[in-house]
Amino acid sequence: QTDLLVAAANTGKVVSIKKGQFAGPEAMSFAVDKVRESGNDNVWITERGTTFGYQDLVVDFRSIPVMKSYAPVIMDVTHSLQQPNQTSGVTGGKPELISTIAKAAIATGADGLFIETHPDPSVAKSDGANMLQLDGLKPLLEQLLRVRQAVI
């Protein structure tokens, strides 16, 4: 994927590199280096968990400080709660854990969050099973600001 990283770097825009579900955090240093060696320092890493078995992702929060030593880290909260390969043929999710994952990410030093939201996740065209209902976003962000203030 070197060619893709170099091409993205050559745009001069921010390059967001999502850590692979099977990759360890230390492996991300090489991807970040490829972007920077192309002359672009605008790079961040997106964490989304690691595949655990066939139907679940698990976030190892130790990865956030490791990857922060390479580049800013964004926690992909809602995708980390996906449960792929369900027997129903539709990806499942654990949206009730969005607040937990988001707070833990902020407490361990994440620089930002990615949270999918929808007014009615049950009718979302994609990823509804792990989305935050839109009216829950403001209270969550207020909580997260308090967590951020407590750990700064």
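Scroll up to find the structure this text is about.
### Concerning the sheet that holds strand S1 (residues 15-18)
In step 1: On the basis of which strands lie adjacent, the open sheet formed by four strands has the order S1-S2-S5-S8 and parallel pairing. Single-partner strands in this sheet number two, and they are S1 and strand S8 (112-114). Across the sheet, the mean angle from the axis of one strand to that of its neighbour is 30°, orientation sign disregarded.
In step 2: Bridge count for strand S2 (residues 43-47) against strand S5 (residues 73-76) is three bridges, and the pairing is parallel.

### Regarding the layout of surface pockets
Sizing a probe to match a water molecule and rolling it over the atoms shows the empty space that remains.
In step 1: Considered as a void within the structure, the largest pocket measures approximately 250 Å³ in volume.
In step 2: What lines the largest pocket is a set of 17 residues, and nearest its centre among them are Gln1, Leu5, Ile17, Lys18 and Ala31.

### Concerning the pairing of S5
In step 1: Neither face of S5 is open: one carries Val73 and Met75, the other Ile74 and Asp76, and all of them are buried.
In step 2: Bridge count between S5 and S8: three bridges; the pairing is parallel. The partner of isoleucine 74 across the bridge, within S8, is glycine 112.

### Quick word on the environment of serine 88
In step 1: By secondary structure assignment, the location of serine 88 is in the loop between strand S6 (82-83) and strand S7 (92-93).
In step 2: For the pair serine 88 and lysine 34, spaced 54 residues apart in sequence, the C-alpha separation works out to 40 Å.

### So, the side chain of arginine 48
In step 1: Of note, arginine 48 is situated in the loop between S2 and strand S3 (50-51).
In step 2: Despite being buried, arginine 48 has no salt bridge partner; aspartate 76 is the closest side chain of opposite charge, sitting 4.7 Å away.
In step 3: Not counting residues up to four positions away in its chain, the partners in contact with arginine 48 are Lys18, Lys19, Gln21, Leu57, Met75, Asp76, His79 and Ser80.

### Thoughts on the pairing of S1
In step 1: Along S1, the buried face is formed by Val15 and Ile17; none of Ser16 and Lys18, which line the opposite face, is buried.
In step 2: Note that the unit made of S1, helix H2 (residues 28-37) and S2 has a crossover that is right-handed.

### Some thoughts on the packing of helix H4 (residues 98-107) against helix H5 (residues 137-151)
In step 1: It is at 9 Å that the axes of H4 and H5 come closest, and there the two elements cross at 25°. Judged by the angle between their axes, H4 and H5 are roughly parallel. Here the hand of the crossing between H4 and H5 comes out right-handed. Across the interface between the two elements, Ile98, Ser99, Ala102, Lys103, Ile106 and Ala107 of H4 pack against Leu140, Gln143, Leu144, Val147, Arg148 and Val151 of H5.
In step 2: Residues that form the contact of H4 with H5 fall into these classes: eight nonpolar, two polar and two charged.

### Side note on H5
In step 1: Along its 15 residues, H5 runs 21 Å from first to last C-alpha, staying within 8% of the 21 Å computed at 1.5 Å per residue.
In step 2: Of all the residues in H5, the buried ones are Leu140, Leu144 and Val147. Seen from one end, H5 has its buried residues packed into an arc of 55°, which puts them on one side. Looking at H5, the residues exposed on the side facing more than 90 degrees away from the buried face are Lys138, Leu145, Arg146 and Gln149.
In step 3: Structurally, H5 contributes buried residues whose contacts are with H4, S8 and strand S10 (132-133).

Conventions used here
Residues numbered from 1 in each chain as written. Predicted model: local features only at pLDDT ≥ 70, side-chain atom pairs only at ≥ 80, totals over all residues. Heavy atoms only, no water. Pairing = 2+ DSSP bridges. Helix = DSSP H or I, 4+ residues; strand = E, 2+ residues; numbered from the N terminus. Axes fitted to C-alpha atoms, helices over the stretch in contact; angles between N-to-C directions. 1 Å grid on protein atoms, 1.4 Å probe; cavity = no way out; pocket = protein on both sides within 12 Å on 5 of 7 lines; lining within 4 Å. Points joined across faces, edges and corners; volume = space filled by probe spheres on them. Buried < 20%, exposed > 50% of the residue type's maximum accessible area, 1.4 Å probe, protein only. Lys, Arg positive; Asp, Glu negative; His and termini not counted. Salt bridge = Lys/Arg side-chain N within 4 Å of Asp/Glu carboxyl O. Contact = heavy atoms within 4.5 Å. Right-handed = clockwise from strand over helix to strand, strands pointing away. Parallel < 35°, antiparallel > 145°, perpendicular 65-115°, else oblique. Left-handed = near helix turned anticlockwise from the far one by under 90°. Nonpolar A, V, L, I, M, F, W, Y, C, P; charged D, E, K, R; others polar. Expected span 1.5 Å × (residues − 1). Arc of directions from axis to C-beta.

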